Every structure is written in structure tokens, then in C-alpha cells.
Amino acid sequence: GDKVSIHYYARLAAKQGWRFDSSYANLDKTGESIPFNFTVGEGQVIQGLDAAVRGMKPGGLNRVIIPGPLGYRNREEEPIPRDFSNRQRLYTTIFNPTRIANGEGDTLGTLIFDVELLAVRK
């Protein structure tokens, strides 16, 4: 697959659009934002993000609503929030056993990603 570089803001719909992560906040030593990189189609990221970048062109911006089944299905899928407390809050909401047992599992994990595609390398 193509190797892509993106920037994103990630929010959780179940928490009134709470922003749990952003690649713009990942800074290098000079204060520049470090893009998030992955290879499309290799299962490195949540399915909804993988699908979202497929139709984009470099320089494009896209807001993507990712339903729960295409979002986080486990704690190892990227992008993993860098901030520990945000990561814990996200996983506690998405993987809440009581709410899942009550049939809310698919809606708990609905994500909103604002994605900027910076580059595509074949």
C-alpha cells in the first residue's frame, strides 16, 4: 500500500466531541508538529482512518465520522493517544462492559477525525 503522512484531530462523539488526541500536539525539538505516518491497507490503524485517506489527495482536508465497528476494536490499534489520561478515558468509555452489555457498544466508539493528508509515497 501507499505510505501516507497525515495530521489529525481525533474526537469521541460519545463525550460531546471531546478531543482525545491530535498529531499537531506531537512536537519535535524545534516545536514543529510531527506527522503521523502509516501504510494504507496493512491494518496498522483503525479501519475508518485507513478508509478515509484512500480517496484523499495531498493537501486535502476531510472530516470523517467513524462508526464504532470501524474504530478502536482493541487497545493496540493506532493512532494510540499519547497522553496517558486521555488514553485511559477513551478506552474506559469505548470498552465499558456495562454499556456494551446494554447494547450501546456500536455507538460508544463513534469517532470524529479531522484529517489533513500531507503526502503519499508509493
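Residues numbered from 1 in each chain as written. Predicted model: local features only at pLDDT ≥ 70, side-chain atom pairs only at ≥ 80, totals over all residues. Heavy atoms only, no water.

(A) The packing of aromatic side chains, seen in detail. Using the criterion set out here, one finds 9 aromatic pairs in the structure. Judged by centre distance (6.2 Å) and plane angle (75°), the ring pair of Tyr72 and Tyr91 falls under edge-to-face. One end of the pair, Tyr72, is in the loop between β4 (61-66) and α2 (84-94); the other, Tyr91, is in helix α2, with 19 residues separating them in the sequence. In this pair, the class of Tyr72 matches that of Tyr91, namely buried. Considering the side-chain rings of Tyr91 and Phe95, the 5.8 Å spacing of their centres and the 40° angle between planes classify their relative orientation as tilted. Taken individually, Tyr91 and Phe95 each receive the classification buried, so the pair is uniform in this respect. The ring of Trp18 has Arg89 sitting right over it, with the charged end atom 4.1 Å from the ring centre. (Phe/Tyr/Trp six-rings, centres within 6.5 Å; stacked < 30°, edge-to-face > 60°. Helix = DSSP H or I, 4+ residues; strand = E, 2+ residues; numbered from the N terminus. Buried < 20%, exposed > 50% of the residue type's maximum accessible area, 1.4 Å probe, protein only. Lys NZ or Arg CZ within 6 Å of the ring centre and 35° of its normal.)

(B) Inspection of the nonpolar core at higher detail. Ranked by size, the top nonpolar core spans 27 residues in total, and within it Ile6, Phe20, Phe38, Tyr72, Leu111 and Phe113 carry the most contacts. Here the element with the most residues in this core is strand β1 (residues 3-12); it accounts for 5 residues. Residue contacts for Phe113: discarding those within four places in its chain leaves Tyr8, Tyr9, Ala10, Phe20, Ile46, Leu49, Asn62, Arg63, Val64, Ile66, Tyr72 and Pro79. (Core = buried A, V, L, I, M, F, W, Y, C linked by side-chain atoms within 4.5 Å. Contact = heavy atoms within 4.5 Å.)

(C) Here's a closer look at α2. Along α2, the residues classified as buried are Arg87, Leu90, Tyr91, Thr93 and Ile94. Looking straight down α2, one finds its buried side chains confined to an arc of 160°; they lie on one side. Structural note: α2 exposes Phe84 and Thr92 on the side pointing more than 90 degrees away from its buried face. In this structure, the buried residues of α2 make contact with β1, β2 (18-22), α3 (97-101), α4 (105-108) and β5 (111-121). (Arc of directions from axis to C-beta.)

(D) Main features of the environment of Phe113. With respect to the helices, strands and loops of the structure, Phe113 is situated in strand β5. The buried category is assigned to Phe113, whose relative accessible area is 0%. With 65 residues separating them along the chain, Phe113 and Gly48 place their C-alpha atoms 9.3 Å apart.

(E) Summary view of the pattern of salt bridges. All chains considered together, the criterion is met by 7 salt bridges. Note that Asp2 and Lys122 form a salt bridge whose closest N and O atoms lie 3.4 Å from each other. Here Asp2 is found in the segment before β1, whereas its partner Lys122 is found in the segment after β5, with 120 residues between them in sequence. In this structure, Arg63 and Asp114 form a salt bridge, with 2.6 Å as the shortest nitrogen-oxygen distance. With Arg63 in strand β4 and Asp114 in strand β5, this pair connects stretches of sequence that are 51 residues apart. Residue classification places Asp114 among the buried residues on the basis of a relative accessible area of 18%. Three or more residues joined by partner-sharing salt bridges are found here, namely Arg11, Arg63 and Asp114. (Salt bridge = Lys/Arg side-chain N within 4 Å of Asp/Glu carboxyl O.)

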